[in-house]
Amino acid sequence: MRLGVVVSGKGSNLRNLVERNFEVVAVATNRPSCGGAAFARERDIPLGELSVKGFASEAKRDEAMRDFFMAHGVELVIDAGYDRIHTRPFLEAFRGRIVNVHPSLLPEFSGSMNAVEQALQSGVEVTGATVHLVTEDLDAGPILAQERVPVLKGDTVETLRGRIHQSEHRILPAAIRLLEARLAQSPAVGQ
Ligand code: GRF
């Protein structure tokens, strides 16, 4: 299935998908200087540089992101470290076809960009990673895959984040395959 990946950060999940031969046909970013955007340029993947500053509103930016992905025939959207919430024009265009990866065992530590820090501070012994469908409800769409990651004695945010990333690199590809199989039974985007 043709994937459109949305990034704001380092881009390790994007890299992982490309290296596992997923068909990443377009990358969109709200942060043109991020690592994920640099990776897209390096691999000559069409890159939509959609910083909100260039638009009248978030919704206008999301219309541009929708049109950019549609123009590249994107069938499934992967939020791989995207730090904004999609607005209605984008959600409606790709309803049931947007996947997010979150660095905790949702619903724990939801709605935050600091889920790893929160897990460490809270003293839990186990945290993890979750892949879920994106809906209007932040971090609360149906879960596709989860993996537990132990919090080890002496863990820092960096060491724990590193292990959670390894987990994400396993479960995101698995969840995409699962969803692709499900969607193969349903109508294409825009139909
Ligand atoms: C991941 O931990 C993901 O769960 C969160 O943002 C991070 C992105 O990492 N939403 P990367 O940019 O793919 O390396």
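Residues numbered from 1 in each chain as written. Predicted model: local features only at pLDDT ≥ 70, side-chain atom pairs only at ≥ 80, totals over all residues. Heavy atoms only, no water.

Draft legend 1. Structural detail: the pattern of salt bridges. Enumeration over the complete set of coordinates arrives at 16 salt bridges. Note that Glu 23 and Arg 2 form a salt bridge whose closest N and O atoms lie 3.5 Å from each other. Of the two residues, Glu 23 is situated in the loop between α1 (12-19) and β2 (24-29) and Arg 2 in the segment before β1 (3-7); the sequence distance between them amounts to 21 residues. Look at Glu 23 and you get partly exposed, because its relative accessible area is 41%. Accessibility expressed as a relative area gives 29% for Arg 2, which makes it partly exposed. Between Arg 161 and Glu 117 there is a salt bridge, and its shortest N-O distance comes to 3.1 Å. Pair noted here: Arg 161 is in helix α6 (residues 157-183) and Glu 117 is in helix α5 (residues 115-122), with a separation of 44 residues, a long-range link. Take Arg 161: its relative accessible area is 30%, and that puts it in the partly exposed class. Overall, the relative accessible area of 22% leaves Glu 117 in the partly exposed class. Among the charged side chains, a salt-bridge network with shared partners connects Glu 58, Arg 61, Asp 62 and Arg 84. (Salt bridge = Lys/Arg side-chain N within 4 Å of Asp/Glu carboxyl O. Helix = DSSP H or I, 4+ residues; strand = E, 2+ residues; numbered from the N terminus. Buried < 20%, exposed > 50% of the residue type's maximum accessible area, 1.4 Å probe, protein only.)

Draft legend 2. Focus on the nonpolar core. Residues Leu 17, Val 24, Ile 78 and Val 131 are the most contacted members of the largest nonpolar core, which totals 37 residues. At 9 residues, the largest contribution of residues to this core is made by α6. Structurally, this core is a two-domain feature, drawing no fewer than three residues from each of domain 1 (1-94) and domain 2 (100-191). Setting aside residues up to four positions removed in sequence, Ile 78 forms contacts with Leu 3, Gly 4, Val 5, Val 6, Leu 17, Val 99, Leu 172 and Ile 176. The next biggest cluster of nonpolar side chains, apart from the first, holds 17 residues, and it includes Leu 50, Met 65, Phe 69 and Phe 94. (Core = buried A, V, L, I, M, F, W, Y, C linked by side-chain atoms within 4.5 Å. Domains from an automatic or database assignment. Contact = heavy atoms within 4.5 Å.)

Draft legend 3. Seen up close, the site of the ligand. The local shell around the ligand consists of Gly 9, Lys 10, Gly 11, Ser 12, Asn 13, Gly 81, Val 101, His 102, Pro 103, His 165 and Glu 168. Ser 12 has a polar side-chain atom sitting 2.6 Å from an oxygen atom of the ligand. Between His 165 and the ligand, the recorded distance is 2.9 Å, taken from a side-chain N or O atom to an oxygen atom. For the ligand, whose accessible area on its own is 370 Å², the fraction buried by protein is 86%. For the shell around the ligand, the per-class residue count stands at 2 nonpolar, 7 polar and 2 charged. (Near = heavy atom within 4 Å. Polar contact = N/O pair within 3.5 Å; in protein donor to acceptor, adjacent residues only side chain to side chain. Areas by Shrake-Rupley, 256 points an atom, 1.4 Å probe, with all protein chains shown as cover. Nonpolar A, V, L, I, M, F, W, Y, C, P; charged D, E, K, R; others polar.)

Draft legend 4. Geometry of unusual backbone geometry. With an omega dihedral of 10 degrees, the bond running from Leu 106 to Pro 107 counts as a cis peptide bond. On the secondary structure map, Pro 107 appears in the loop between β5 (98-102) and α5. Of note, Asn 21 is a non-glycine position whose phi angle comes to about 65 degrees, a positive value. For Asn 21, the position within the fold is in the loop between α1 and β2. Non-glycine residue Asp 44 carries a positive phi angle of around 60 degrees.

Draft legend 5. View of the sheet that holds strand β6 (residues 126-133). Taking strand neighbours across the sheet as the criterion, the 7 strands line up as β3-β2-β1-β4-β5-β6-β7 in an open arrangement whose pairing is mixed. Looking at which strands have only one partner, the edges of the open sheet turn out to be β3 (47-49) and β7 (143-150). Taking each pair of neighbouring strands and ignoring which way they run, the sheet shows an average axis angle of 15 degrees. The sheet contact formed by β6 and β7 spans 7 bridges and is antiparallel. By the bridge assignment for β7, Thr 127 is matched with Val 149. Relative to β3, helix α2 (residues 35-42) is tilted by about 140 degrees, and along the sheet it contacts β1, β2 and β3. Most of the contacts of α6 go to β7, to which it runs at about 160 degrees, and overall it touches β1, β4 (76-79), β5, β6 and β7. (Pairing = 2+ DSSP bridges. Axes fitted to C-alpha atoms, helices over the stretch in contact; angles between N-to-C directions.)

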